[in-house]
Structures are given as structure tokens and as C-alpha cells.
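A look at the structure
This is what each chain is made of:
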Amino acid sequence: MLGVTDLIAAVATPQGSGAVSIIRLSGPGLLDALGKILVIKQSLAKNPRKMLLGRVQAADGSIIDEVLVAYFPGPNSFTGEDCAEIQGHAGLIAPSLVLEAILDAGARLAKPGEFSQRAFLNNRLSLDQAEAIAELVDAQSRSEAILANRQLSGALGEKIDPIRRRLINLAATLTAILDFEEPWDEPDQKKMAQDIEAIQSALSHLLTLRREGRVFREGLRLVLAGPPNVGKSSLFNALLGHSRALVSPKPGTTRDYLEASVSWQGLRVELVDTAGLWDGSEDDLDRQGQDLARDQMRRSDLVLWLRDLASPDSPPAPETSLPTLTVWAKADLVSNFDPTILAISAKTGQGLAELKEAALKILSVNYERPPELVPNFRHQKALEETAKWVVAADQALKDGAPPDIINLEIGAALNSLGQITGQVMTEDLLVEVFSHFCLGK
Ligand SMILES: Nc1nc2c(ncn2[C@@H]2O[C@H](COP(=O)(O)OP(=O)(O)OP(=O)(O)O)[C@@H](O)[C@H]2O)c(=O)[nH]1
Ligand SMILES: [Mg+2]
């Protein structure tokens, strides 16, 4: 895998209509391959990093597109190898004809994420930076794009690095004690305990950023649930700003669940409308709908449980451990009610702004001050694993364990931490990270 590479190519822009499409190439033999397909006046080799006008010809000599080509010689290119980008006409046919010509000239179709993977393997990017590229491309809100860009510029690596250096120092001290029988006395152990404490607090800071900031990178999932006919679909439509779900005075209208995205204060919020919940249903479809609804509640960040303000026996939210916000619906039908409850009307729009505020508040989302950096789920797992080993090392130190035992745990901590930036790398990790990329990235 490492070291041996070949020439890869892919269309980097989406298929379909558009003005321009970009085809990317990277790897050995790039200029030769381009030489076979390009009719061009100037030399690419003598004009690196410049857009040159040329035409692409197929194997039979027919001209298939007029293009602009830029050549980026390695090692100072995106992948670290010789790279090129060909800007041609977009559409359904032209890009694939150009790609076909390049493949005929000796390139191979790149796998998803293969360009970024090469950039990582050639030390042009750390693993978390490569992930940030995919996250930027996938971003669906302003906050997601900003966070991805921070990670791309190395913000996470900057936090990880000092932790890593401290762990390496600990390992070095422990190794010196073992190898050269340097004294292992109380002041040493005290210093080590302090270092371990500092590492623990840095790790827990990053995990707090994850906990508090997760919604800024992944958005929120809010599920509207409650008894039949309470106005869930009406509220869903009102929050969306258009009629997406069927509404009717007949109970049992919604059966499948419906999802739709909205943006609240720049945050991506996924709203889910569900079937009404009630006991004693005899109807199979109705029961299936209720099962789906309960399943959606379990998958949510917050359940908005609707109760009918106009009907006093409207059931309360079931006892669960899920974060739940009770919302009193149809407030326009009632003139007098307790002002401290969250009352809304899908009909008049009353209380909708308060509902958004309350939902974000209950989830402790401080949207006015998004965190500077938010580790992703993979980073979280690696941080937790690192913290687990550091706790073990700490315990071993307190128990008076011999230095070689402590060193094993520090080594394991380093191993877990290194997976975040990719200093520690396995084939599985490569697949895990780069398989999520799109073609041409
Ligand atoms: N006056 C008033 N009527 C409402 C309001 N919200 C919903 N309704 C009415 O209540 C009835 C049920 O509304 P839906 O939105 O379909 O209720 P639901 O909870 O989705 O119902 P199911 O899908 O059957 O569980 C409809 O006749 C709506 O017009 C509201 O805020 N004010
Ligand atoms: Mg409904």
C-alpha cells in the first residue's frame, strides 16, 4: 500500500448539468499520459501551476473537448505527487469522454477519497485534516463549514500535540528508569503524577468540547411525538414553513415518519413527525406506525411531546430517560392558561420562537458562542480510549506498580491518541476514514 503508487484519475465535480467539470490526476507517469491525449502549444512541464489552453483527443484522433490544464509537480502538490487538473465542459458526456481518454492513456480510476489518502500518506495532511475535507464537502450548515475549516487548518492537531509530547516524555522517563536503572523515587513519582493529571485534564477538555459542540457539527434531531390528533403534523409544517405533512381532523393521519431539515440560528435541525401514540390499537398499520414513532423517539436528541391545551385529559409524556420538552398545542383555542407553560399554536404561529429557544436551552446549546473546535465521533472514541489508559497508568502509579507496567499503559495511551492525527495508522483505520469520501476527493 505505502510507497507503490500508480496514476489515478477521477472526475472531481458532480455529474450532470453545470458549466465546468474538473478532472483530477495524480501519480507517476502523469506527463506521459497527458502527452498522449492533449493537443497543446505550451509545455506543461515548463509551465507548472499555470492554466494552459489545450484540446483533448481520443485514441482515434477525434477532438472531444477544449480544456484548461494545470500541472502541479510533486512534492509540493495536494497529494505530494505529480498532479494535474483538467477543466473541461460539464454535462453528461464531455467529462466522461475526457476521463475515458485518460484511462486509455494509462491511468486508473481513483477510488473514493484516494487523492486525500495519498495526501495523508505523503504527509501533506494529517488524518484529522483529511477528514476535515470530507466534512467540509458534506457540511450542511454554516457552523459545520466553519468547524471543518478550523480542523482543516490544524486546530485539533494543535491540541493533540502537547498531550502527545507529554506522554512521550513520560514514556522516555520510564524507559530510562528501566534501562539505566535510574532511581525511581518519590519526587519522580510525584512529578509523574502531576504530568498524568495535566494529560487527563487536557483530554477531558477535548471531550467536553465534543459533548458541548456536537450539535454544531452534526446538527440536532428533534422528534415530534404525542397522542393522535394533537397537532404534531401541523407543528411540523409550521416549523418548516410549508405543508409537508398531511393534516386532518381524523386521528391516525400520520403513519410513516417524516423528516425535514431546518436551520435554527445557523444550526442544522432535523425535524421528525411521527404517528400518534395511544394504547389499545387493534389496527396493524397503526401499530407499525407507533413502533416507528417509538423508535424515532429513541434516536432523537430531544423529544417534543405535544399535549392538547384544549383537552384537559391529553396524556403526559411517557416516563423515559430521553430528554423531553412538553409542548402545549392549539393555544389559540384557549384564552386562559398558566403563563409558565410552553404553549404554541401551529395555526397562528404563537409560541414557535419560544419553542426553539426552549429546545436549544434544554440541550445546553449556546448558539451565540459555538466552540472553537469540536472533535468528531471517531476522535471522541480515540480520546476516550486514551483517557482510559491514562487512568490505568495513574492507578498503577498510585498502587506502586513497577515502571514497566506503567510504561505499557502509557504506550497504549499514545497508540490510541496517535490514531486521531494518524501518527498511528492501520489498514482498517485508512479504510474507515477514506471510504466515506466522494469520488475525486
Ligand atoms: N385550532 C387549531 N387547530 C389545530 C392546531 N394544530 C392542529 N390543529 C388541528 O388538529 C387536527 C389534527 O392536526 P394534525 O396536525 O393532523 O395532528 P397530528 O397530531 O399530526 O395527528 P395524527 O397524525 O393523526 O396523530 C387538525 O384538524 C388540525 O387542523 C392549532 O394550533 N390550532
Ligand atoms: Mg400527523
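Here, every reference points to the structure presented above.
Residues numbered from 1 in each chain as written. Chains lettered and ligands numbered in written order. Predicted model: local features only at pLDDT ≥ 70, side-chain atom pairs only at ≥ 80, totals over all residues. Heavy atoms only, no water.

Another aspect to go through is the nonpolar core. Core analysis: the biggest nonpolar cluster contains 34 residues, and Trp264, Leu271, Leu304 and Leu355 have the highest contact counts within it. Breaking this core down by element, the ones donating at least two residues are α7 (186-218), β8 (220-225), α8 (232-240), β9 (258-264), β10 (267-273), β11 (302-308), β12 (324-329) and α10 (352-362). Composition of this core by domain shows at least three residues from each of domain 2 (133-215 + 374-434) and domain 3 (218-362). Excluding residues that lie within four positions of it along the chain, Trp264 makes contacts with Leu222, Leu239, Val269, Leu271, Lys356, Ala359 and Leu360. Counting residues in hydrophobic clusters, the runner-up holds 30 residues, among them Met192, Val390, Ala413 and Ile420. (Core = buried A, V, L, I, M, F, W, Y, C linked by side-chain atoms within 4.5 Å. Buried < 20%, exposed > 50% of the residue type's maximum accessible area, 1.4 Å probe, protein only. Helix = DSSP H or I, 4+ residues; strand = E, 2+ residues; numbered from the N terminus. Domains from an automatic or database assignment. Contact = heavy atoms within 4.5 Å.)

On the basis of which strands lie adjacent, the open sheet formed by seven strands has the order β3-β4-β5-β6-β2-β1-β7 and mixed pairing. Each edge of the open sheet is held by one strand with a lone partner, namely β3 (38-40) and β7 (108-109). Bridge analysis of strand β5 (residues 63-72) against strand β6 (residues 83-91) gives five bridges, and the strand direction is antiparallel. Bridge assignment links Leu68 to a residue of β6, and that residue is Gln87. Sheet contacts for helix α1 (residues 30-37): β2 (16-26), β3, β4 (52-57), β5 and β6; angle to β3, the most-contacted strand, approximately 80 degrees. Where helix α3 (residues 114-121) meets the sheet, its contacts fall on β1 (8-11), β2 and β7, and the angle it forms with β1 comes to roughly 135 degrees. (Pairing = 2+ DSSP bridges. Axes fitted to C-alpha atoms, helices over the stretch in contact; angles between N-to-C directions.)

The next thing to look at is the sheet that holds β12. The five strands are arranged β9-β10-β8-β11-β12 in an open sheet whose pairing can be described as mixed. At either margin of the open sheet sits one strand with a lone partner, and together these are β9 and β12. The average undirected angle you get between the axes of adjacent strands in this sheet is 25 degrees. Sheet topology places β8 next to β10; five bridges connect them, and they run parallel. By the bridge assignment for β10, Val223 is matched with Val272. Lying over the sheet, α7 contacts β8 and β10, oriented at roughly 80 degrees with respect to β10. Strand contacts of helix α9 (residues 284-298): β8, β10 and β11, with the helix running at about 145 degrees to β8, the strand carrying the most contacts.

The coordination sphere of the magnesium ion (ligand 2) contains the protein donors Ser233 (OG) and Thr254 (OG1), at a distance range of 2.0 Å. You can see Ser233 sitting in helix α8 and its partner Thr254 sitting in the loop between α8 and β9, a full 21 residues away along the chain. Residue Thr254 is classed as buried on the basis of its relative accessible area, which comes to 12%. (Donors = N, O, S within 2.8 Å, 3.2 Å for Na, K, Ca; no water.)

For the rest of this paragraph, the subject is the site of ligand 1. Taken together, 22 residues sit near ligand 1, with Lys232, Ser234, Gly252, Thr253 and Asp332 positioned nearest. One of the backbone nitrogen or oxygen atoms of Gly252 is found 2.7 Å away from an oxygen atom of ligand 1. A distance of 2.8 Å separates a nitrogen atom of ligand 1 from a polar side-chain atom of Asp332. Coverage of ligand 1 by the protein chains reaches 88% of its 650 Å² of free accessible surface. Per-class residue counts for the shell around ligand 1 are seven nonpolar, ten polar and five charged. (Near = heavy atom within 4 Å. Polar contact = N/O pair within 3.5 Å; in protein donor to acceptor, adjacent residues only side chain to side chain. Areas by Shrake-Rupley, 256 points an atom, 1.4 Å probe, with all protein chains shown as cover. Nonpolar A, V, L, I, M, F, W, Y, C, P; charged D, E, K, R; others polar.)

Of all seven residues in β10, seven are buried; the element is thus mostly enclosed. Burial along β10 is two-sided: the face carrying Leu267, Val269, Leu271 and Asp273 and the face carrying Arg268, Glu270 and Val272 are both buried. Of the pairings in the sheet, the one linking β9 to β10 comprises seven bridges and is antiparallel in character. Opposite Ala260, over in β10, you have Leu271 as the bridge partner. Between the antiparallel neighbours β9 and β10 lie two residues, among them Gln265 with a positive phi of about 50 degrees.

Between helix α4 (residues 127-138) and helix α13 (residues 427-434), the shortest axis-to-axis distance is 10 Å and the interhelical angle comes to 25 degrees. Judged on the interaxial angle alone, α13 and α4 are roughly parallel. The residues of α13 that touch α4, namely those facing Leu127, Ala130 and Glu131, are Leu429, Val433 and Phe434. The class makeup of the residues in the contact of α4 with α13 is five nonpolar, no polar and one charged. (Parallel < 35°, antiparallel > 145°, perpendicular 65-115°, else oblique.)

Relative to the elements of secondary structure, Asn376 occurs in the loop between α10 and α11 (377-398). On the basis of relative accessible area, Asn376 is assigned to the buried category, the value being 7%. Among the polar contacts listed, one links the side chain of Asn376 to the side chain of Glu131, at a separation of 3.2 Å. When neighbours within four sequence positions are excluded, Asn376 is seen to be in contact with Glu131, Glu135, Arg210 and Arg217.

Before going further, it helps to spend a moment on the pattern of salt bridges. Two side chains that carry opposite charge are able to pair once their charged atoms sit near each other. Inspection of the entire model under this criterion finds 25 salt bridges. When the shortest N-O distance is used, the salt bridge between Arg221 and Glu259 registers 2.7 Å. Highlighted residues: Arg221 in strand β8 and Glu259 in strand β9, separated in sequence by 38 residues. Assessed through its relative accessible area of 35%, Glu259 is described here as partly exposed. Here Lys398 and Asp394 are joined by a salt bridge, their closest N and O atoms 2.9 Å apart. A residue pair is termed a helical-turn pair when its members lie 3 or 4 positions apart in one helix, as Lys398 and Asp394 do in helix α11 at four residues. Given a relative accessible area of 61%, Lys398 falls into the exposed group. (Salt bridge = Lys/Arg side-chain N within 4 Å of Asp/Glu carboxyl O.)

A few words now on the environment of Ala396. Considering the arrangement of structural elements, one finds Ala396 in helix α11. Given the relative accessible area of 8%, Ala396 is considered buried. Setting aside its immediate chain neighbours within four residues, Ala396 contacts Ala401, Ile406 and Glu409.

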